[in-house]
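Residue-level listing of the chains:
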Amino acid sequence: MQKVKGKRQKVNEALAFYLLPFTLFLLGLALRLLAWRWREFYPLGGDEREYLDQAIWLLRDHQYVELRLMRPPLYPVFLAGCIYFFDSLVQNLRLVQALISAATVPLVYLLAREVARRSGVESRGPALLAAALCALSYTLAANATELLTEALFLFGLTAALWLLLRAGRTGRLAEGALAGLIIGALCLLRSVALPLLPLGAVWLALNATGKRQKVKDWLRAAAPQVCLFTFTCCLILLPWSARNYVAYGGLILIDTTGAENLWLDNDPAGREAVKAQLYAMGDDRLARQQLSMQRGVAAISGDPARFAAKAWGELKKLFALEFSDDLLARPAIWVPQTEVWARLILGDGVWLVVLGAGGWGLGVGGRESGVGSRSFWARILGVIASPAGLLLPWALYVGLTTVLFHVELRYRLPLYPALLPFAGLALAGAGGWVLGGRGRWPMVAGGLAVAVCLGMTLLHANYPALAWWLGWKHLDLARAEAALGRSDVAAARAAAGGALALDDGSALARVALARADVLAGDEAGAMTQLDAAIGALPAHPYAHLLRGDLLRQRGDVAAARADLAFETSSLEDLQVWSWGRFTSEPPSRIDLGDGLDLGFIRGFHSVAPGEVGFRWTRGEAQLRLMAPAGATELRIRAASGRPDGSPCALRVTVDGRDLGSLQISADGGGYVALLPARFPTARIVVVGLRSDTFMPRDFDRASADGRRLGVRVVGVEVGP
């Protein structure tokens, strides 16, 4: 019995030990799946499209095709593997990356646990806090939805740093060798990883000293680990370098990105002018690399003051709040309200915590445990051989490269594995990491690091003042929306006017004023406000759609179609938005896809390129129609549109009353459903259509259409 109880206790302890990290993994996965869902219809960017094209060429032609600006080869190979084993649909490729990003959470836990152990902290609290920050980071979750290298790179980088720390502590050759293999692969993913080879080798050598004082003893101890680490890294890296030498007749270690970006980002002529010169050189990659290096160095040395000003601006951007800046810079881009809060709290908020606490931890934590009684030089060596001696140089290097070239905020993501473990230690307050316990000077260094990090953030933008201003503005807009909902014209005008006083370029405030004018019967005033809103923000759809509704009421069909076409300019469901805000009286007949149906429909897909004279339902759809006096039947023109020619059942309702099911053929036609009773007077009715759905990819795996399609509806009419 005692043995059984002992085994049960061990099992329970093991479950308790792994339960929290696994829970954090699930939390991270949930956030990443949420971001994956929100960004389902985001188009591919230029770099994403190029990587995907490379992967497709590799699968189709069995040939690796270089891009016009040479990049490392591993990511297109990774995408090709995902397409081969899973699917070519972009959303499914994004799902693979979301899973990889979620799998980074337990790796952060292991890395932070190792850092804590090396710092004399046995508690799991710091590691759990670091993993929680990683799981809750919307920055990492959103980045995983982009077909770019960062999600895979962060996974491999975290694993490599963890293995290096373990190899330095345990001396196991296998751990150092595996770290070398991963770093070699990381170099072929993003060449920015290349300095990890000398950095890791030096750090492993320093950790092989132990109590040995003689150089010969130290070399004997360090050589096996360092040599095996270097060998395995070169084993991955050098075959690609040899391929480049054969292909281009000279040394291109990985790619030409570093040299080309040095010229692109520092030449006063600008990136596009430099690109034109590079492209004019054709495919001579070696000559392009050499010329780029020469011109880049010349641009920096020729005008140091201009470079210093540019570097200072880039340095401030490195500390920016990514999502706050994006929401301010692109107000025409609609984002769901829930995602806005996720961006601000879990994106910028978590970044501030990671930056501040991680900066404090790196400043305080630059020493091994148990070195307090050693000599000054022994302490210096202890600092260099500590986890901070590996992670701090990496963080500084990442910052230096972004300042030397240019800052895209995804370029700072490699900072996370360096900052998260120390952020966990600082937040846990373990081992005297917050007050006292580590001496005066480490505390000064930590405080200085926090001051620099937060000070640079505020130098980039006065975020507290911006938050105050935006908070009052959006409070006024919310008050205006509430007043419009209860048809209180005076209150709506007052609230929208307050928002406009805070931001005279606010398209949303002018849209609210226009809606108030419509409620008051002042169509001319409404048109003036809508024109002003469009002048302030031409790409924003609300003003265009409301103006299209007013133009449709006037009978100006051509102008109305032009404005209502802005339905496709946003990821928001503008059918739902216009359903509750348009004031046009519905017709008795709606022709779907004619450009004049918006405001009377919801639950339909927008008209895709090549689709003329119809709309697909999403499975459940509604139409608002004016049933004339004496109406007895509902006439529907529709087709199932199934590629295999099969029919589908279409359930029809009017004002929630079931009219039965219609069998819709693949080619379609006219169908009639009898109304439950003759309408004695004209009235507005809501027609509901419900069917099962299919995906074109269910029938054609080469199709790029990932929509769930219901029924293809041409027109709906209610009449006698």
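## Brief notes about the overall build of the protein chain
Helix and strand counts for the protein chain stand at 27 helices and 9 strands. Here the protein chain, with 720 residues, has 51% of them falling under the buried criterion. For the protein chain, the accessible area works out to roughly 32200 Å², and carbon and sulfur atoms hold 63% of it. In the protein chain, 74 side chains carry a positive charge and 62 a negative one; their mean positions are 11 Å apart.

## Section: the packing of helix α21 (residues 463-485) against helix α23 (residues 507-519)
Between α21 and α23, whose axes approach to 10 Å, the crossing angle comes to 20 degrees. The pairing of α21 with α23 is recorded here as roughly parallel in orientation. Like other packed secondary-structure pairs, α21 and α23 cross with a definite hand, here left-handed. On the side of α21, the interface is formed by Leu-477, Ala-480, Glu-481 and Leu-484, while α23 contributes Leu-508, Ala-509, Ala-512, Arg-515, Ala-516 and Leu-519. Here the contact of α21 with α23 is built from residues that sort into 8 nonpolar, no polar and 2 charged.

## So, the environment of Arg-547
Looking at where Arg-547 falls in the secondary structure, it is placed in helix α25 (residues 541-554). Separated by 402 residues in the primary sequence, Arg-547 and Thr-145 have C-alpha atoms spaced 35 Å apart. Sequence-distant contacts of Arg-547, defined by excluding residues within four places in its chain, comprise Met-527, Leu-530, Asp-531, Ile-534 and Asp-563.

## Here we look at the confidence of the model for the protein chain
As a note on interpretation, predicted positions should not be read in detail where pLDDT is low. Model confidence for the protein chain is summarised by a mean pLDDT of 87, while 92% of its residues fall at 70 or above. This stretch, residues 369-373, has a pLDDT under 50; its non-local contacts, to residues over four places away or in other chains, come to 6 contacts. Of the regions scoring below 50 in pLDDT, residues 433-437 engages in 19 contacts with residues more than four places distant in sequence or in other chains.

## Here's the deal with the pattern of salt bridges
On inspection of all chains with the given rule, the structure shows 43 salt bridges. Asp-531 serves as the salt-bridge partner of Arg-547, at 2.8 Å between the closest nitrogen and oxygen. Of this pair, Arg-547 sits in helix α25 while Asp-531 sits in helix α24 (residues 523-536), and the two are 16 residues apart along the sequence. The class for Asp-531 is partly exposed, based on a relative accessible area of 38%. Connected through shared salt-bridge partners, Asp-47, Glu-50, Arg-71, Glu-150, Arg-190, Glu-408 and Arg-410 make up one network.

## Overview of helix α5 (residues 125-136)
Taking 1.5 Å as the rise per residue, α5 with 12 residues should run 16 Å; its terminal C-alpha atoms sit 16 Å apart, in good agreement. Here α5 lies mainly inside the structure; 9 of its 12 residues are buried. Of the positions making up α5, those classed as buried are Pro-126, Ala-127, Leu-128, Ala-130, Ala-131, Ala-132, Leu-133, Cys-134 and Ala-135.

## A short note on the nonpolar core
Membership of the largest hydrophobic core comes to 107 residues, with the highest contact counts inside it found for Tyr-75, Phe-78, Phe-153, Ile-183, Leu-186, Phe-229 and Leu-420. Leave out the neighbours within four places in its chain, and Ile-183 touches Ala-160, Leu-164, Ala-193, Leu-196, Leu-197, Phe-229 and Cys-233. Ala-627, Ala-638, Leu-650 and Leu-675 belong to the second-largest nonpolar core, a separate cluster that totals 31 residues.

## What to know about a nonpolar patch on the surface
A grouping of Leu-178, Leu-181, Phe-231, Leu-235 and Ile-236 is seen on the molecular surface, where their side chains present a nonpolar patch of about 420 Å² in accessible area. When contributions to the nonpolar patch are tallied by element, the ones reaching two or more residues are α8 (173-189) and α10 (215-248). Take the nonpolar patch: its biggest share by element is 3 residues, from α10. In this structure, Leu-235 sits in helix α10. For Leu-235, a relative accessible area of 47% translates into the label partly exposed.

## Quick look at the packing of aromatic side chains
Going through the model one piece at a time under the given rule, you end up with 14 aromatic pairs. Relative to Trp-577, the ring of Tyr-542 lies with its centre 4.3 Å away and its plane at 10 degrees, an arrangement referred to as stacked. One end of the pair, Tyr-542, is in helix α25; the other, Trp-577, is in helix α27 (residues 574-579), and 35 residues separate them in sequence. On the accessibility criterion, Tyr-542 (12% relative accessible area) is buried. By relative accessible area, Trp-577 is classed as buried at 5%. Ring centres of Phe-614 and Trp-616 lie 6.4 Å apart, and the angle between their planes is 85 degrees; this geometry places the pair in the edge-to-face category. A single burial state applies to Phe-614 and to Trp-616, both of which are buried. Through successive ring pairs, a cluster of aromatic residues spans Phe-614, Trp-616, Phe-694 and Phe-699.

## A look at unusual backbone geometry
For His-62, which is not glycine, the phi torsion reads 55 degrees and is therefore positive. Structurally, His-62 is set in the loop between α2 (46-61) and α3 (74-85). Judged by its relative accessible area of 70%, His-62 is exposed. At Ser-487, a residue that is not glycine, the phi angle is positive and equals roughly 60 degrees. The residue Ser-487 is located in the loop between α21 and α22 (489-502) in this model.

## Some details on the pairing of strand β6 (residues 657-664)
Bridge count for strand β5 (residues 648-654) against β6 is 7 bridges, and the pairing is antiparallel. Bridge pairing in β6 places Leu-650 opposite Leu-662. Between β5 and β6, which pair antiparallel one after the other, the connecting turn spans 2 residues, and Asp-655 there sits at a positive phi close to 50 degrees.

## Concerning the packing of helix α15 (residues 322-329) against α21
Two quantities define a packed helix pair, namely the angle between the helix axes and the distance between the axes. The interhelical angle for the contact between α15 and α21, taken along N-to-C directions, is 50 degrees, at an axis separation of 12 Å. Relative to α21, the element α15 lies oblique. Pair α15 / α21 crosses with left-handed handedness. Every residue of α21 that contacts α15 at Ser-324, Asp-325 and Leu-328 is listed here: Tyr-463, Leu-466, Trp-469 and Leu-470. By residue class, the composition of the contact of α15 with α21 is 5 nonpolar, 1 polar and 1 charged.

## Considerations on α8
Under the 1.5 Å per step criterion, the end-to-end length of α8 is 24 Å for 17 residues, consistent within 8% with the ideal 24 Å. Across the 17 residues that make up α8, a large majority, 12, are buried. Glu-175, Gly-176, Ala-177, Ala-179, Gly-180, Ile-182, Ile-183, Gly-184, Leu-186, Cys-187, Leu-188 and Leu-189 are the residues of α8 that are buried.

## Describing the environment of Leu-178
For Leu-178, the location among the structural elements is in helix α8. For Leu-178, a relative accessible area of 41% corresponds to the partly exposed category. Residues Leu-178 and Phe-229, spaced 51 residues apart in sequence, show a C-alpha to C-alpha distance of 7.7 Å.

## A closer look at the side chain of Ser-570
Looking at where Ser-570 falls in the secondary structure, it is placed in the loop between α26 (557-564) and α27. For Ser-570, the side chain forms a polar contact with the main-chain nitrogen of Glu-572, separated by 3.0 Å.

## Remarks on the side chain of Arg-94
Considering the arrangement of structural elements, one finds Arg-94 in helix α4 (residues 90-118). Buried charge without a salt bridge: Arg-94, with Glu-48 as the nearest opposite-charge side chain at an N-O distance of 4.6 Å. One polar contact links the side chain of Arg-94 to the main-chain carbonyl oxygen of Thr-145, over a distance of 2.9 Å. Look past the residues within four positions of Arg-94 in its chain and what remains in contact with it is Trp-36, Arg-39, Glu-40, Tyr-42, Pro-43, Leu-44, Ala-144, Thr-145 and Leu-147.

Conventions adopted
- Residues numbered from 1 in each chain as written.
- Predicted model: local features only at pLDDT ≥ 70, side-chain atom pairs only at ≥ 80, totals over all residues.
- Heavy atoms only, no water.
- Helix = DSSP H or I, 4+ residues; strand = E, 2+ residues; numbered from the N terminus.
- Buried < 20%, exposed > 50% of the residue type's maximum accessible area, 1.4 Å probe, protein only.
- Areas by Shrake-Rupley, 256 points an atom, 1.4 Å probe, with all protein chains shown as cover.
- Lys, Arg positive; Asp, Glu negative; His and termini not counted.
- Charge placed at Lys NZ, Arg CZ, Asp CG, Glu CD.
- Axes fitted to C-alpha atoms, helices over the stretch in contact; angles between N-to-C directions.
- Parallel < 35°, antiparallel > 145°, perpendicular 65-115°, else oblique.
- Left-handed = near helix turned anticlockwise from the far one by under 90°.
- Contact = heavy atoms within 4.5 Å.
- Nonpolar A, V, L, I, M, F, W, Y, C, P; charged D, E, K, R; others polar.
- pLDDT = per-residue confidence, 0-100.
- Salt bridge = Lys/Arg side-chain N within 4 Å of Asp/Glu carboxyl O.
- Expected span 1.5 Å × (residues − 1).
- Core = buried A, V, L, I, M, F, W, Y, C linked by side-chain atoms within 4.5 Å.
- Patch = residues over 30% accessible without salt bridge, like charges linked within 9 Å, V, L, I, M, F, W, Y side chains within 5 Å.
- Phe/Tyr/Trp six-rings, centres within 6.5 Å; stacked < 30°, edge-to-face > 60°.
- Pairing = 2+ DSSP bridges.
- Polar contact = N/O pair within 3.5 Å; in protein donor to acceptor, adjacent residues only side chain to side chain.

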